[in-house]
Amino acid sequence: MPSFDIEVKIMPRAGLLDPQGKAVGQALSALEFESVGDVRVGRAISISLERPDRETALADAREMCDRLLANPVTEDYEVVVESAS
Amino acid sequence: MTRVAVVKFPGSNCDEDTLRSVQGAGAEAFYVWHREESLGNADVVILPGGFAYGDHLRAGAIARFSPVMRAVEAHAAAGGPVLGICNGFQILCEAGLLDGALVRNACLTFLSRPVRIRVESVDTPFTNAYSSGAEFDVPIAHGEGRFLAREEELRDIEEQGRVVMRYVDDNPNGSENAIAGIRNRPGNVVGMMPHPERAADPLLGETRGKFVFESLVKTVEALPGGSP
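Conventions and cut-offs
Residues numbered from 1 in each chain as written. Chains lettered and ligands numbered in written order. Predicted model: local features only at pLDDT ≥ 70, side-chain atom pairs only at ≥ 80, totals over all residues. Heavy atoms only, no water. Helix = DSSP H or I, 4+ residues; strand = E, 2+ residues; numbered from the N terminus. Rg over C-alpha atoms; globule rule 2.2 N^0.38 Å. Buried < 20%, exposed > 50% of the residue type's maximum accessible area, 1.4 Å probe, protein only. Contact = heavy atoms within 4.5 Å. Pairing = 2+ DSSP bridges. Axes fitted to C-alpha atoms, helices over the stretch in contact; angles between N-to-C directions. 1 Å grid on protein atoms, 1.4 Å probe; cavity = no way out; pocket = protein on both sides within 12 Å on 5 of 7 lines; lining within 4 Å. Points joined across faces, edges and corners; volume = space filled by probe spheres on them. Nonpolar A, V, L, I, M, F, W, Y, C, P; charged D, E, K, R; others polar. Buried area = accessible area lost by both parts, 1.4 Å probe. Salt bridge = Lys/Arg side-chain N within 4 Å of Asp/Glu carboxyl O. Polar contact = N/O pair within 3.5 Å; in protein donor to acceptor, adjacent residues only side chain to side chain.

1. Quick notes on the overall build of chain B
Turning to step 1, where the next piece is worked out: Helix and strand counts for chain B stand at five helices and eleven strands.
Turning to step 2, where the next piece is worked out: Taking 2.2 N^0.38 as the reference for a compact globule, 228 residues should give roughly 17 Å; the C-alpha atoms of chain B span a radius of gyration of 16 Å, in line with that estimate.
Turning to step 3, where the next piece is worked out: Projected onto the principal axes, the alpha-carbon positions of chain B cover approximately 45 × 35 × 35 Å.
Turning to step 4, where the next piece is worked out: For chain B, buried positions account for 57% of its 228 residues.
Turning to step 5, where the next piece is worked out: Pairs at least 24 residues apart make up 72% of the contacts formed inside chain B by residues separated by at least 6 positions.

2. Section: the sheet that holds strand β3 (residues 75-83) of chain A
Residue and element names in this part refer to chain A.
Turning to step 1, where the next piece is worked out: With respect to topology, three strands assemble into an open sheet ordered β2-β1-β3, the strand pairing being antiparallel. Strand pairing shows two members of the sheet lacking a second neighbour, β2 (43-50) and β3, which therefore form its edges. The sheet shows a mean angle of 20 degrees between the axes of neighbouring strands, direction not considered.
Turning to step 2, where the next piece is worked out: Direction of pairing for strand β1 (residues 3-12) relative to β3: antiparallel, over a ladder of nine bridges. In the sheet register, Val8 faces β3, and the bridge partner there is Val79.
Turning to step 3, where the next piece is worked out: Sitting on the sheet, helix α2 (residues 54-69) is in contact with β1, β2 and β3, with an inclination near 155 degrees to β3.

3. So, the sheet that holds strand β4 (residues 82-85) of chain B
Residues and elements named next belong to chain B.
Turning to step 1, where the next piece is worked out: Taken in spatial order, the nine strands make up an open sheet running β2-β1-β3-β4-β11-β10-β9-β6-β7, and their pairing is mixed. Looking along the sheet, the strands with just one partner apiece sit at the ends: β2 (28-33) and β7 (135-142). Strand after strand, the sheet turns through a mean of 25 degrees between neighbouring axes, direction not considered.
Turning to step 2, where the next piece is worked out: Examined bridge by bridge, β4 and strand β11 (residues 189-192) share four bridges and lie parallel to one another. By the bridge assignment for β11, Gly84 is matched with Gly191.
Turning to step 3, where the next piece is worked out: Across the sheet, helix α1 (residues 15-24) touches β1 (3-8), β2, β3 (44-47) and β4, and the angle it forms with β2 is around 155 degrees.
Turning to step 4, where the next piece is worked out: Packing of helix α3 (residues 87-94) onto the sheet brings it into contact with β3, β4, β10 (179-183) and β11, and relative to β4 it is tilted by some 120 degrees.

4. Concerning the layout of surface pockets
Turning to step 1, where the next piece is worked out: As a volume, the largest pocket reaches approximately 530 Å³.
Turning to step 2, where the next piece is worked out: Looking at the largest pocket, it is lined by 26 residues, and the ones nearest its centre are A:Gln20, A:Arg43, A:Glu75, B:Val103 and B:Arg104.
Turning to step 3, where the next piece is worked out: Where the lining of the largest pocket is concerned, the elements lending two or more residues are β1 and α1 (19-30) of chain A together with β5 (101-103) and β8 (146-148) of chain B.
Turning to step 4, where the next piece is worked out: Residue composition of the lining of the largest pocket, by class: 13 nonpolar, four polar and nine charged.
Turning to step 5, where the next piece is worked out: Approximately 200 Å³ is the volume attributed to the second largest pocket.
Turning to step 6, where the next piece is worked out: In terms of lining, the second largest pocket is formed by 18 residues, of which the most central are A:Asn71, A:Pro72, A:Val73, B:Cys93 and B:Glu94.
Turning to step 7, where the next piece is worked out: Looking at the lining of the second largest pocket, the elements with two or more residues in it are α2 of chain A together with α3 of chain B.

5. A look at the interface of chain A and chain B
Turning to step 1, where the next piece is worked out: Of the residues lining the interface, 17 residues belong to chain A; the matching set on chain B comes to 18 residues.
Turning to step 2, where the next piece is worked out: Between chain A and chain B, the buried area comes to about 1300 Å², and carbon and sulfur atoms account for 61% of it.
Turning to step 3, where the next piece is worked out: Counting the surface chain A buries against chain B, the share from its top three residues, A:Pro19, A:Leu68 and A:Val73, is 36%.
Turning to step 4, where the next piece is worked out: The interface formed by chain A and chain B includes one salt bridge.
Turning to step 5, where the next piece is worked out: Note that A:Glu75 and B:Arg58 form a salt bridge whose closest N and O atoms lie 3.7 Å from each other.
Turning to step 6, where the next piece is worked out: Counting across the chain A and chain B interface gives six residue pairs in polar contact (both at pLDDT 80 or more).
Turning to step 7, where the next piece is worked out: Sorting the residues of the side of chain A that touches chain B by element identifies α1, β2 and α2 of chain A as the ones contributing at least two each.
Turning to step 8, where the next piece is worked out: Along the lines of polarity and charge, the residues of the side of chain A that touches chain B split into ten nonpolar, three polar and four charged.

Limitation: the analysis is restricted to geometry and does not speak to function.
What follows is the structure, given as structure tokens:
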């Protein structure tokens, strides 16, 4: 069965205060990086998945996000599926 | 006698204080391990504080799938009282038994100190021994206690009087509307970030947390055919 590498990117929902991102932004400014705009901190999750095809891999990864990996109240997610090399 | 199940997850750490507080209120308290599928005929279920599953991924995200949670969900659906304290509150939100979510404190640091809270709703199985508007000091101990909800959810929570407790004077974690505890629509499921079990004994300096446990006994004893 083909193998897929799933990359899930989970970010604080747009518009929500992200105190972690704000703290990182302030630290970057303190390091004298100029003109640092909005900084947001999320998390990345990599999953290896054996599925018959790309569509099934994507559908399953999205279900994983909906049921466990992301909290719909506070987070948005993106899923990228690549064929495993 | 009122029977109270205190659920233990791997990483629970307030289970013994909670058990003793329940006993102090005159109820029979016993532990239920999270792998159990039954609550042992409990009248009331408490999910205590701690760091179930090390808070991996998000606080409560993994614990909500423990086998015992199916029994907790069934108990709640049947109208049985359920209380989540701190990590227990986080688990109830993740399980969808309560609205909203608890995220990283706005100050980004773990907070462990007493705060003053006001009891906003005495119409729950865990607050009916308080007088409305009662204020008391109670410890918090959390890194993820900032209560958030979608705009429409938050409006519903407020309009339906489902805020059970609010921080007074100082909103330690940046919660929306200084919310410290909420209930579900029917009112039988309550979650709170502060630790009443740490304010329920004269040795601890503050005892007004004990009314949370006295409330649950009062509730069960008032049920038709209640507790013998």
